[in-house]
Amino acid sequence: MSDGTSGAYRAGETALLATVKEAEPVVEHWRRRYDSSASAGIPAHVTVLFPFLDFDRIGAAVVDDLRTVIGEHSPFTVRFDRCRRFPDVLYLAPTPDRPFRALTEALVARWPEAPPYGGQFAEVIPHLTVVHGQLPHVYDDAETALAAELPVTADISSVSLFVSDGTRWHQHAEFPLLG
């Protein structure tokens, strides 16, 4: 979850993430050193919606709606076989990326007040951040090392709600993809 704030999280902030445990052995070393979200408790993931609603707005009705909206989507298998870059991010690109886009679109349709990344990007590109906010040689080194360990194939069967306490992120709920 690369939000451009260099690790400054607000208590009560939430995120909807598709965790990718299969990628951890490949990306853990790089994320721990070069992605502040990893040291704040966020596992390897593809962001589905960040920021979501503040935690004090998430009651039983929102949880029920999350369960319904996310549950309408089917589980899927994704492959990460290449690195790509944004100006300040090295990431693994998922193939296919359409299921992630569909989840984001459905959640934004239900909660238009929570646009992805606060509405700062015209297009949301699904990605698994590995390195964020580093010097160019770090991106090059990580990309070279990762190329030797790819591809990673993962089964995406749920989306998790993570909540920040201001310092660390904690998984609060998990919503299965039921199809």
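Everything discussed here concerns the structure shown above.
It should be emphasised that the depicted structure is a prediction, and the values quoted were computed from it without experimental measurement.

Draft legend 1. Structural detail: the packing of aromatic side chains. Applying the stated rule across the entire model yields seven aromatic pairs. Between Trp30 and Tyr34 the ring centres are 6.1 Å apart and the planes differ by 25°, which places this aromatic pair in the stacked class. Remark: Tyr34 and Trp30 occur in helix α1 (residues 24-34); sequence separation between them is four residues, near one turn of the helix. Take Trp30 and Tyr34: they sit in the same class, and that class is buried. Taken together, a centroid distance of 5.1 Å and an interplanar angle of 90° make the contact between Phe52 and Trp111 edge-to-face. Here Phe52, found in the loop between β2 (45-49) and α3 (60-71), pairs with Trp111, found in the loop between α4 (98-110) and β5 (128-132); they are 59 residues apart in sequence, far enough to count as distant. For the residue pair Phe52 and Trp111, the accessibility class agrees, reading buried in each case. Among the aromatic side chains, those forming a connected cluster through ring pairs are Tyr9, Phe50 and Trp169.

Draft legend 2. Expanded view of the nonpolar core. Core analysis: the largest hydrophobic core is formed by 48 residues, its most contacted members being Phe52 and Leu128. Per-element tally for this core: the top contributor is α3, with five residues. The next biggest cluster of nonpolar side chains, apart from the first, holds nine residues, and it includes Leu17, Tyr117, Phe162 and Trp169.

Draft legend 3. Just the sheet that holds strand β7 (residues 158-164), in detail. Taken together, four strands build an open sheet; the order of strands is β2-β1-β7-β8 and the sheet is antiparallel. Strands at the two margins of the open sheet, each flanked by one partner only, are β2 and β8 (169-176). Within the sheet, the average angular offset between the axes of one strand and its neighbour, ignoring direction, is 35°. Across four bridges, the pairing between strand β1 (residues 14-19) and β7 is antiparallel. Paired with Ala15 across the bridge in β7 is Phe162. Contacting β1, β7 and β8, α3 runs over the sheet at an angle of about 55° to β8.

Draft legend 4. Spotlight on α3. For α3, with 12 residues, the first-to-last C-alpha span of 16 Å sits near the 16 Å given by 1.5 Å per residue. For α3, the secondary structure elements touched by its buried residues are β1, α4, β7 and β8.

Draft legend 5. Quick look at the pattern of salt bridges. Taken as a whole, this structure holds 12 salt bridges when the rule is applied. Notably, a salt bridge pairs Asp65 with Arg110, separated by 2.7 Å at the nearest N-O pair. Placement of the pair is Asp65 in helix α3 and Arg110 in helix α4, with a sequence separation of 45 residues. Given a relative accessible area of 26%, Asp65 falls into the partly exposed group. Its relative accessible area of 37% is what places Arg110 among the partly exposed residues. Asp81 is paired through a salt bridge with Arg79; the nearest N and O atoms lie 3.5 Å apart. With relative accessibility at 39%, the residue Arg79 sits in the partly exposed group. Within the structure, one salt-bridge network assembled from shared partners comprises Arg79, Asp81 and Arg82.

About the cut-offs
Residues numbered from 1 in each chain as written. Predicted model: local features only at pLDDT ≥ 70, side-chain atom pairs only at ≥ 80, totals over all residues. Heavy atoms only, no water. Phe/Tyr/Trp six-rings, centres within 6.5 Å; stacked < 30°, edge-to-face > 60°. Helix = DSSP H or I, 4+ residues; strand = E, 2+ residues; numbered from the N terminus. Buried < 20%, exposed > 50% of the residue type's maximum accessible area, 1.4 Å probe, protein only. Core = buried A, V, L, I, M, F, W, Y, C linked by side-chain atoms within 4.5 Å. Pairing = 2+ DSSP bridges. Axes fitted to C-alpha atoms, helices over the stretch in contact; angles between N-to-C directions. Contact = heavy atoms within 4.5 Å. Expected span 1.5 Å × (residues − 1). Salt bridge = Lys/Arg side-chain N within 4 Å of Asp/Glu carboxyl O.

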